[in-house]
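Observations on the three-dimensional arrangement
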Amino acid sequence: MESWVRFSAQSQAKERVFRAAQYACTLLGYTLQKGGARAELLNTIKQLEAHMSLTRKLMRLGNSAEALEAAKRTVHLSDCVLRLCITVAHLNRAMYFACDNVLWAGKTGLLPELDQNKWSQRSFRYYLFALILNLTRDAYEIRLLMERESRSSSSKSFNSSPSPLTPTPENGGEFPLTPSPSSVLPPLPPLPMLSARLNKQFHLLITVLRNNPPLLLDLLKNTCDIFIPLDRLGMYPTGSGFVGACGLTSSILSILTIVYPWLKLKP
């Protein structure tokens, strides 16, 4: 079992390296095209990118089964929101990898009559839905941590604040006279109140993300990744240069979570 886990981790690391190289080629091709490079060089870069993509598809032949196993593990999570988001995301990843395997068979000639454009669109739809669920999970965990941090800060503020005894006739004091106009604070208008609240929420968000590097990396990775299927499906076209930069960035972040396992968001 340990040897299989080690082999799976090594295979995943290699696939991420090839993914980084593929999107680096995409970004490089876009940069060279903008710089007026020769057509022969651009064709070479595109061929290299296609070879990287085909190699990645070969290395992901067993990923569909692994995604199904991951869904079986997360279906028992106690938190219903996490259970729904993570399990359904794994199921969509399994369908995405299954479509990817069919595309690999079509590109290698095993299925010569395959409509590759149709299967590619289907694959990216599953990928997009998985990423939406992953981002929903990230937002949910951020909200929980922000509420916990807010309660913790309020508790610390309450415990550290002094509680002076209000002077009354019973304790030797006197009733306060009519307060002067300068001692009465005017109510804040709605806009400053909203600005103060937003500023507080922003500081809470920064604190939560700073104290939780795995959550921050997962959020950044999913945010970068989501532009890839949006562009491929034509929902939000951004161009090959932006897609290449996003893919390269998310690949580097994924490699970091493999090199340093404590950076991987669990479960």
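The rules behind these values
- Residues numbered from 1 in each chain as written.
- Predicted model: local features only at pLDDT ≥ 70, side-chain atom pairs only at ≥ 80, totals over all residues.
- Heavy atoms only, no water.
- Helix = DSSP H or I, 4+ residues; strand = E, 2+ residues; numbered from the N terminus.
- Contact = heavy atoms within 4.5 Å.
- Areas by Shrake-Rupley, 256 points an atom, 1.4 Å probe, with all protein chains shown as cover.
- Buried < 20%, exposed > 50% of the residue type's maximum accessible area, 1.4 Å probe, protein only.
- UniProt positions renumbered as here; feature names shortened; annotations may be inferred.
- Patch = residues over 30% accessible without salt bridge, like charges linked within 9 Å, V, L, I, M, F, W, Y side chains within 5 Å.
- Salt bridge = Lys/Arg side-chain N within 4 Å of Asp/Glu carboxyl O.
- Core = buried A, V, L, I, M, F, W, Y, C linked by side-chain atoms within 4.5 Å.
- pLDDT = per-residue confidence, 0-100.

Right, let's talk about the overall build of the protein for a bit. The helix and strand inventory of the protein stands at eight helices and zero strands. Secondary structure elements of the protein occur, N-terminal to C-terminal, as α-α-α-α-α-α-α-α. Within the protein, contacts between residues separated by at least 24 positions form 72% of all contacts whose residues are at least 6 apart in sequence. In the form shown here, the protein has an accessible surface area of approximately 17,200 Å², with 64% of it arising from carbon and sulfur atoms.

Moving on: the environment of Asp100. Here Asp100 lies in helix α4 (residues 80–107). Asp100 sits in the buried class, given a relative accessible area of 2%. Separated by 37 residues in sequence, Asp100 and Asn63 have C-alpha atoms that sit 9.9 Å apart. Here Asp100 is in contact with Lys57, Arg60 and Ser123, once residues within four sequence places are set aside.

Following the UniProt record, one finds the feature "transmembrane region" (unreviewed entry) at residues 242–263. Secondary structure within residues 242–263 divides into 82% helix and 0% strand; the distance between the first and last C-alpha atoms comes to 26 Å.

A cluster of nonpolar residues, Ile252, Leu256, Val259, Tyr260 and Trp262, forms a patch on the protein surface that exposes about 510 Å² of accessible area. Position of Leu256 relative to the elements: it lies in helix α8 (residues 240–259).

Judged by nonpolar contacts, Tyr23, Tyr96, Phe97, Phe124, Tyr127, Leu128, Leu131, Ile226, Ile228, Leu230, Leu233 and Val243 together constitute the single largest core of 12 residues. It is helix α5 (residues 116–160) that contributes the most residues to this core, four residues altogether. The contact partners of Tyr96, leaving out residues within four places of it in the chain, are Arg60, Ser123, Tyr126 and Tyr127. Among the nonpolar cores identified, the runner-up in size contains eight residues, and Ile142, Met146, Leu209 and Leu265 belong to it.

Here the residue pair Lys266 and Pro267 is connected by a cis peptide bond, since its omega of 0 degrees sits within 30 degrees of zero. Position of Pro267 relative to the elements: it lies in the segment after α8.

Looking at the protein, pLDDT values average 87 and 84% of them are 70 or higher. Mean pLDDT across the elements of the protein ranges from a minimum in helix α1 (residues 2–34), with 84, to a maximum in helix α7 (residues 213–232), with 97. Long-range and interchain partners of residues 174–179, a stretch whose pLDDT sits below 50, account for four contacts in this model, where long-range means more than four residues apart.

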